[in-house]
Amino acid sequence: MKHAVRAIVIRNNALLVMHRNKFGHQYYTLVGGGIDPGETPEQALHREVLEEAGLRVTNLRMVFRDNAGPPYGMQYVYFCDYLSGDVALRPDSEEAQINALGQNLYTPMWLALDRLAEVEFLSPGLQRALLQALQDGWPKQPVHVPIVVK
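Each value, and the rule that gives it
- Residues numbered from 1 in each chain as written.
- Predicted model: local features only at pLDDT ≥ 70, side-chain atom pairs only at ≥ 80, totals over all residues.
- Heavy atoms only, no water.
- Phe/Tyr/Trp six-rings, centres within 6.5 Å; stacked < 30°, edge-to-face > 60°.
- Lys NZ or Arg CZ within 6 Å of the ring centre and 35° of its normal.
- Helix = DSSP H or I, 4+ residues; strand = E, 2+ residues; numbered from the N terminus.
- Polar contact = N/O pair within 3.5 Å; in protein donor to acceptor, adjacent residues only side chain to side chain.
- Expected span 1.5 Å × (residues − 1).
- Buried < 20%, exposed > 50% of the residue type's maximum accessible area, 1.4 Å probe, protein only.
- Contact = heavy atoms within 4.5 Å.
- Lys, Arg positive; Asp, Glu negative; His and termini not counted.
- Salt bridge = Lys/Arg side-chain N within 4 Å of Asp/Glu carboxyl O.
- Pairing = 2+ DSSP bridges.

(A) Here's a closer look at the packing of aromatic side chains. Here the structure, examined in full by the defined rule, presents 3 aromatic pairs. Ring pairs connect the aromatic residues Phe64, Phe79 and Trp138, which therefore count as one cluster. Positioned above the aromatic ring of Tyr82, the side-chain terminus of Arg11 is 3.9 Å from the ring centre. Across the ring face of Tyr106, the terminal group of Arg20 is positioned such that the distance to the ring centre comes to 3.7 Å.

Okay, here's the thing in structure tokens:
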């Protein structure tokens, strides 16, 4: 089974997200993606955040495990500190190549934290876990995200 990583990056009261417009279905998700063969989850996270958002992060700490089902399987979700960069897809990223086709769009952006509860987010369980952690603090040990059906 394939595994993936996702990044929680908060800066200036906003969460780094990927806005998706997938053939007209619009939603938000955390930046991240699959772990390549031979990569550690942390290496994959650094690569994915740089490719998808143009940012460098530091102080990675796994806070959630989210079973996303196919194609990503288990997702390891890390709380990260922003280090540097401006939010933009790298032109050589897979997402930028898909954007060029015009109907399945990826747009990395900062989402104001006070909007998180009102947007469509993948997964709803991860959205709920993020909102809970923002209120109560980040878990000291990784917590499994329960499946939530909206």
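Moving on from the coordinates now.
(B) Quick look at the side chain of Thr29. Residue position: Thr29 is located in strand E3 (residues 25–29). One polar contact links the side chain of Thr29 to the main-chain carbonyl oxygen of Leu122, over a distance of 3.1 Å.

(C) Focus on helix H3 (residues 124–136). With 13 residues, H3 extends 18 Å between its outermost C-alpha atoms, agreeing within 8% with the 18 Å of an ideal straight helix rising 1.5 Å per residue. Along H3, the positions that sit buried rather than exposed are Pro124, Gly125, Leu126, Gln127, Ala129, Leu130 and Ala133. The secondary structure elements touched by the buried residues of H3 are strand E1 (3–11), strand E2 (14–22), strand E5 (56–67), strand E6 (74–84) and strand E8 (121–122). Directly beyond the C-terminal end of H3, a positive phi value near 105° is found at Gly137.

(D) Layout of the environment of Tyr27. Relative to the helices and strands, Tyr27 resides in strand E3. Considering only alpha carbons, one finds Tyr27 and Ser123, 96 residues apart in sequence, at a separation of 9.8 Å.

(E) Summary view of the side chain of Arg6. Secondary-structure assignment places Arg6 in strand E1. Buried Arg6, no salt bridge; nearest opposite-charge side chain is Glu52, N-O distance 5.0 Å. In terms of polar contacts, Arg6 uses its side chain to reach the backbone carbonyl oxygen of Leu30, at 3.0 Å. Here Gln75 takes part through its side chain, which lies 2.6 Å from a polar atom of the side chain of Arg6.

(F) Region of the structure containing the pattern of salt bridges. This structure, assessed with the given rule, holds 6 salt bridges. Here Glu48 and Arg47 are joined by a salt bridge, their closest N and O atoms 3.0 Å apart. One salt bridge in this structure joins Asp92 and Arg90, with 3.1 Å as the shortest N-O distance. If you follow the salt bridges from partner to partner, you end up with Asp36, Glu39, Arg47, Glu48 and Glu51 in one network.

(G) Representation of the environment of Trp110 in the model. Considering the arrangement of structural elements, one finds Trp110 in strand E7 (residues 104–112). C-alpha of Trp110 to C-alpha of Tyr27: the two residues are 83 residues apart in sequence and 14 Å apart in space. Trp110 has contacts with Val9, Ile10, Arg11, Ala14, Leu15, Leu16, Leu55, Tyr82 and Val87, leaving out every residue within four places of it along the chain.

(H) Local environment of the pairing of E3. With 5 bridges connecting them, E2 and E3 associate as antiparallel partners. Directly across from Met18, in E3, lies its bridge partner Thr29. Counted along the chain from E2 to the antiparallel partner E3, the turn is 2 residues long, and its residue Phe23 has a positive phi close to 55°. In this sheet, E8 lies alongside E3 in parallel orientation, the contact comprising 2 bridges. By the bridge assignment for E8, Tyr28 is matched with Phe121.

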